[in-house]
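Structural features, examined
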Amino acid sequence: MKKLLVGCLLFLISACQAATSTPVPQPSPTATIPALPSPTSVPVTDTPAPTATTEFTPTPLPRLFTNEFDAPLAGWTILQTGNEAPPMVKTEGSNLTLQMDSPFTWAYAVYEAQEYDNVRIDGRFTNQAGSPAAIGLICRYSETNGWLEYNVYSDGTYSVLYGQWLASGIADYLPVLSASTNAIQPSGTSQEIGLLCSGTTLSLFIDQTLIRSVDVSRFALTSGKVGITASAFENTPVIVVFDWVRVSEP
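Figured I'd write up the structure that's included with this text. (Residues numbered from 1 in each chain as written. Predicted model: local features only at pLDDT ≥ 70, side-chain atom pairs only at ≥ 80, totals over all residues. Heavy atoms only, no water.)

1. Some remarks on the sheet that holds strand E10 (residues 170-180)
Reading across the sheet, the seven strands line up as E2-E5-E14-E7-E8-E9-E10 and stay open at both edges, with antiparallel pairing between neighbours. If you trace the sheet from one side to the other, it starts and ends with strand E2 (76-82) and E10, each paired once. Each adjacent strand pair in this sheet contributes to an overall mean axis angle of 25 degrees, direction not counted. Pairing between strand E7 (residues 133-142) and strand E14 (residues 224-232): seven bridges, direction antiparallel. (Pairing = 2+ DSSP bridges. Helix = DSSP H or I, 4+ residues; strand = E, 2+ residues; numbered from the N terminus. Axes fitted to C-alpha atoms, helices over the stretch in contact; angles between N-to-C directions.)

Right under this line is the structure:
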């Protein structure tokens, strides 16, 4: 009987404890957020200033010179009139060759780099093939106003012409002077010619000797470019070789 009472008492005590005890809530599991890496600092790099590019100024072509044709024709322009077939122009062996294979062709090499008021131009040439032929010098050249031209011919004559463009490849020539001289050498012989343009007068030279002075005031050409010329007429080929050309002060 005593054991029974003790058992009942123990049962009641346990039940009371179960009824009065408040369960302690357990913390719910918290999701662990992985720590984000701190942003990497990108070092600020100063943008280098652009390096100044050295600009090379082209060397200006000379105003006064002697061209012995050891290099390409810098500053020169090749022009032609007459026949549409272009002349053959080349620098070779320290010479400038103008070759016309078509009849009635006039070839010009104009020095475009400079313009001149008063100037002298000289050249040494050889007519290697073809007759009749003309070899000459020009001054006061202008595409719009025309030019003055001094020619010597293989038949012993010489002339001064006023030339003017009528259209591309077509020129008109007005005779200013025509005469003859024994100073002109036959084809195959090396010879010098010179042209001095000063004020309103042209002075014509052969082998450094003055042969004529001509008044050209009526053409009112006061400045322009200089150049050389060679012409073929009814017979071809005409091959003119210039050893050198000199542009100098009057």
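The rest of the description comes next.
2. Some points on the pairing of strand E9 (residues 157-167)
Pairing of strand E8 (residues 146-153) with E9, which is carried by six bridges, proceeds in the antiparallel orientation. Across the sheet, the residue bridging to valine 152 is tyrosine 158, located in E9. Counting the residues between successive antiparallel strands, the hairpin from E8 to E9 contains three residues, one of them, glycine 156, with a positive phi of roughly 90 degrees. Here E9 runs beside E10; their pairing, made up of 10 bridges, is antiparallel. Its bridge partner lying in E10, alanine 167 is registered against isoleucine 170.

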